[in-house]
Amino acid sequence: MSSKAYRVLIADDHAVVRRGIRHLLETQPGIEVPWEASNGVEALQCIKKEKPDLLVLDLTMPEMNGLEVVRSVRDLSPETDILVLSMHFSEELAREVLTCGALAYVLKSDADTDLLVAVDHVRHHQPYFTSQLAMSMSQNFLHGSSPAEECLIPGAPLTPREVEVVQLLADGRSNKEVANELGVSTRTVESHRNHIMRKMNFSSFSDLVRFAVRNHLVEA
Amino acid sequence: MALDPREGITWASFLNLVHPDDRARLLKETERGIALHKIVDGEFRCVLANGDVRLLHRRAVPLYDDAGQPLTLVGISLDVTQRKQVEDYLRHRESLLAQAERLADLGSWEWNLETSQVTWSDHRYRLFGLDPQSQPPTIDNFFGHVHPDDRERVRAAFQKSITQGCPLEYEARFILVDGRIRTLHTRGVPLVNSQGRTIRLSGMAQDVTDRRRKLERLRSSEALLAQAEQIANVGSWEHDVKNSRTILSSHLLYMYGIRSSEEWNEDHLWHHVLLPDSAPVHSDWARSIEECKPFEFTARYRMPEGAVRVYRFVVRPIAGPDGRTERVLGVVHDITEYTRIEDSRRHLSQQLVRTRDSERRQLARELHESAGQSLAALKMSLANLQEALADENGAALDHIKEARGFAEDAIREIRVISYLMYPPLLDDAGLGPALHWYIRGFSERSGIKAIVEIPSGFGRYSQETESAIFSIVQEALTNVHRYSGSPAVVVRLSSDGASIRAEVQDQGCGFSPLPHLQDGVGIPGMRERVSQLDGSFEVLSTPGHGTLVRAVLPARPQRPASLVAVSD
């Protein structure tokens, strides 16, 4: 984990949403939100100038279509990762957004639970889909068109970051210890944990441990 | 008397000559004359030796002696056979004339101007409602019976004929003695003497009341028809195939911009009818007459002065006894106004659909973008609040969790409502994602397996185009679900750069392409939407082999969302 702060640009035309996101992110260690933009053009101008680490981008904004912004960011600042916030619950749209170069697709209505996990993934350059789409999407995505990603555990649609979390938790670490280890807040770890339980259909923590042992993520 | 005068004659030999049928009467008349001292006057027939029968008129005086005893009968007999024949002939002719007058409802008259005497034939009396035996009217009396409105005119006609010696002709109403009003048509000729004075007028009068009434009725129904044609803006014509004659109604002449039927010929029609290609109509017309089958078509018609009208032509051939077309009746209906109204109605309904769509779209966006986002923000705030309270207040945390649940529900409801109105995804992400989303929901609701074939990189098109295709697919899928009974459906979109093709194909029951079924549920709406965007629309269906709905629209590009460039 670098000591340098992770600088985020929030682009959303709704001030209340920007404020909510800012509050969520600023609770996280090492994350700063120095900029905000209320439309695509402003966002691109900022990116060109400041080259932020992360762009949290609302897909539907005036002045410029979100997808166009995503494509432009890739040209203007390849090092900036993009997390797309969308009101649309659409697999096709999520896939298209990711194809255009974004790394995460989060349903805005799930931002309260998903945003921190998504940011944590993106910060480690791992893709993330909003939890409601996660199952089908990650399967499609991981088995499909993106050769850069591989499925770590056959039959388990877990992201590498989630596998890391499983490993640490199965090793007997507490949420707080995992948080320290990964350099995130305990809240992020809790979110990760909830997602993994839901994705893998675990009914208890012992299920998670059994899964980790069976797949040789931890030593029995 | 076919006897030899030298031989003399006896009473008995005379009686022998008398026709046996007249003999007794002759004797009786003779005896009576003698007895009463009166002249014997009478006719009898004689039969000559050669068998001829002659009619004799006898007039004789009986002579008496002093004692008053009859002495002799002195008299003469005249052969009146020929005179009698002439009389009979005249009587016969008179009765024939009377009969003819009666049959023709014709009465003859004469007015002697020198004596002021008026002579009428029997039927002339009857025409006046009088007994033929009554006194002929005086000339003043005659004028007194002319209808007051016609009287001066009749008087003037007589005056002119008398003073100028020209033939008389007039038609006037007469008030008969029984009060009836009849119309008489009168013709007369004057007789002029050597001094050039008219001394007599004679002529005929005919009762034309019934004929006049029929004519009036005919005229008024003709006028009614003409009026009706004018009001309805319909013209009619009749063509006689045998002599190739065409008669056009007066309103049709007006509609064609010509003066008379004589000016008319087929070339005129085809010269003024505006069709992109008149050949098919030409041949259909000919076939209609050949096969004696009705035929209709609509075309624009250029009036001689240049104005263009829209006419509907209806052609009805009428078969003769041999089954071949004998006459052709036709109606031409001016539907210019109707067409104009229809066009504006279509325009209005297009506008209505557009307005409705844009309102729904706006409302859906408003809900989705504003209310939805605020709720998302609310959820984040609640999450932050939950974090801030940490483990301090268990009861408060429970409330916050519950509030987050409510917010979640509200978001879900808003999403459903806005998507049902108009999927915002369509504007934001285009047809591919929007149709995938919609069709997935359709499959879940209906249990119909749906295969979506949309090529990757299908691209974005104008909002109207995308919205039309989306609603056509929506409508077609609704029909598949409601009527087809198909277990599966394929939705296919493709584009060749110039046009977009959208197809919805099922494997259901299909329907027969009967005209009244062809435009089934929702199909007119789809057709309308496509025509608004200059596209083509078809529904192909065979019973038992499913239905294919196909819309092809011009590929109008999406209006760029923004031309703002990020300056270097």
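Everything in this summary refers to the structure shown in the same document. In this numbering scheme, every chain counts its residues from 1 along its sequence in written order. Written order decides the labels, with chains lettered from A and ligands numbered from 1. Given that this is a predicted model, residues contribute local features only at a pLDDT of at least 70 and side-chain atom pairs are listed and counted only at 80 or more, while totals for whole chains, interfaces and linings are drawn from all residues. Water and hydrogen atoms play no part in the side-chain values, which are based on all heavy atoms of the structure.

Looking now at the nonpolar core. In summary, soluble globular proteins display a tendency toward joint burial of nonpolar side chains. The definition of a nonpolar core used throughout is a set of buried Ala, Val, Leu, Ile, Met, Phe, Trp, Tyr and Cys residues joined through side-chain atoms within 4.5 Å. For the exposure calls, accessible area comes from a 1.4 Å probe over protein chains only, and a residue counts as buried if that area is under 20% of its type's maximum, exposed if over 50%, partly exposed in between. By size, the foremost hydrophobic cluster in this structure holds 68 residues, and its most contacted members are Leu55, Leu57 and Val84 of chain A together with Leu477 and Phe537 of chain B. Looking at this core element by element, the count peaks at 8 residues for helix α15 (residues 463–484) of chain B. Contact criterion: two residues are considered in contact whenever any of their non-hydrogen atoms come within 4.5 Å of each other. If we ignore the near neighbours within four places in the chain, the residues touching Leu57 of chain A are Ala11, Gly66, Val69, Val70, Ile82, Leu83, Val84 and Leu85 of chain A. Numbered from the N terminus, helices here are DSSP runs of H or I no shorter than four residues, and strands are runs of E no shorter than two.

With that out of the way, let us pick up the pattern of salt bridges. For this document, the term salt bridge refers to a Lys or Arg side-chain nitrogen within 4 Å of an Asp or Glu carboxyl oxygen. All chains considered together, the criterion is met by 63 salt bridges over all chains. For Asp357 of chain B, the salt bridge identified is with Arg529 of chain B, shortest N-O distance 2.6 Å. Of the two residues, Asp357 of chain B sits in helix α11 (residues 336–389) while Arg529 of chain B sits in helix α17 (residues 523–532), which places them 172 residues apart along the sequence. Summarising the burial analysis for this pair, Asp357 of chain B and Arg529 of chain B share the class buried. Residues participating in the shared-partner salt-bridge network are Asp112 of chain A together with Lys379, Arg404, Glu408, Asp409 and Arg412 of chain B.

Let us now look at the pairing of strand β8 (residues 198–207) of chain B. Residue and element names in this part refer to chain B. In short, DSSP must find at least two bridges between two strands for them to pair. Sheet topology places strand β4 (residues 106–112) next to β8; 7 bridges connect them, and they run antiparallel. Across the sheet, the residue bridging to Ser108 is Met204, located in β8. By the bridge criterion, 9 bridges tie strand β7 (residues 181–192) to β8 in an arrangement that is antiparallel. Bridging across to β8, Gly188 finds its partner in Gly203. In this structure, the hairpin formed by β7 and β8 is closed by a connection of 5 residues, where Gly196 is found at a positive phi of approximately 85 degrees.

Our focus in this paragraph is the interface of chain A and chain B. Counting residues at the interface gives 35 residues for chain A, matched by 34 residues for chain B. The term buried area denotes the loss of accessible surface (1.4 Å probe radius) that occurs when two parts are joined, taken as the sum for both partners. At the boundary of chain A with chain B, total buried surface from both sides reaches about 2,900 Å², with 57% on carbon and sulfur atoms. Note that Asp112 of chain A is salt-bridged to Arg404 of chain B, the shortest N-O span being 2.9 Å. Distance and chemistry together define a polar contact, namely a pair of N or O atoms within 3.5 Å, with one atom able to donate a hydrogen and the other to accept it when in protein, and with adjacent residues in sequence counting only for side-chain atoms on both sides. Linking chain A with chain B are 14 residue pairs in polar contact (both at pLDDT 80 or more). Residue assignment for the side of chain A that touches chain B shows that the elements contributing at least two residues are α1 (15–26), α2 (40–50), α4 (91–100) and α5 (111–123) of chain A. With 6 residues, α1 of chain A is the largest single contributor of residues to the side of chain A that touches chain B. Classifying every residue of the side of chain A that touches chain B by side-chain character gives 12 nonpolar, 11 polar and 12 charged. Note on residue classes: Ala, Val, Leu, Ile, Met, Phe, Trp, Tyr, Cys and Pro are nonpolar, Asp, Glu, Lys and Arg are charged, and everything else, Gly too, is polar.

Residue and element names in this part refer to chain B. Contact geometry of α15 with α17 gives a least axis separation of 10 Å together with a crossing angle of 165 degrees. What the angle tells us is that α15 and α17 run roughly antiparallel. Here α15 runs over α17; the crossing is left-handed. Across the interface between the two elements, Ser467, Ala468, Ser471, Ile472, Glu475, Ala476 and Asn479 of α15 pack against Ile523, Met526, Arg529 and Val530 of α17. Here the residues of the contact of α15 with α17 sort into 6 nonpolar, 3 polar and 2 charged. Angles here are taken between N-to-C directions and fall from 0 to 180 degrees, while the axes themselves are lines fitted to C-alpha atoms, restricted in helices to the stretch in contact. In this scheme, roughly parallel covers angles under 35 degrees and roughly antiparallel covers those over 145, while 65 to 115 is roughly perpendicular and the rest are oblique. Crossing handedness: left-handed means the near helix sits turned counterclockwise from the far one by under a right angle, and right-handed means the same turn made clockwise.

In this section: empty space enclosed by the protein. Residues and elements named next belong to chain B. Computed over the protein atoms alone on a 1 Å grid, cavities are sets of points where a 1.4 Å probe fits but cannot get out and pockets are open sets with protein on both sides within 12 Å along at least five of seven lines; a residue lines them when it has an atom within 4 Å of a point. Grid points are joined across faces, edges and corners, and a volume is the space filled by probe spheres set on the points. By the definition in use, this model includes 3 cavities of 30 Å³ or more. The calculated volume of the largest cavity comes to roughly 100 Å³. Trp109, Glu110, Trp111, Val118, Trp120, Arg124, Ile139, Phe142, Phe158, Tyr170, Thr186 and Ala205 are the residues that line the largest cavity. Ranked by residues supplied to the lining of the largest cavity, first place goes to β4 with 3 residues. Tallied by class, the residues present in the lining of the largest cavity amount to 9 nonpolar, 1 polar and 2 charged.

A word on the environment of Asp428 of chain B. Tracing the chain through its elements places Asp428 of chain B in helix α13 (residues 424–429). Counting along the chain gives 32 residues from Asp428 of chain B to Arg460 of chain B, while the straight-line C-alpha distance between them is 10.0 Å. Discounting residues that sit within four places of it in the chain, Asp428 of chain B has contacts with Thr60, Asn65 and His88 of chain A together with Arg365, Glu369 and Arg460 of chain B. In this structure the side chain of Asp428 of chain B is engaged in a polar contact, spanning 3.2 Å, whose partner is the side chain of Arg365 of chain B.

Our focus in this paragraph is unusual backbone geometry. Its identity is not glycine, yet Asn201 of chain A carries a phi of approximately 60 degrees, on the positive side. Along the chain, the position of Asn201 of chain A falls in the loop between α9 (186–199) and α10 (205–214). On the basis of relative accessible area, Asn201 of chain A is assigned to the exposed category, the value being 68%. Although it is not a glycine, Asn233 of chain B adopts a positive phi angle of roughly 55 degrees. By relative accessible area, Asn233 of chain B is classed as partly exposed at 23%.

Keep in mind that these numbers describe shape and distance, not what the molecule does.
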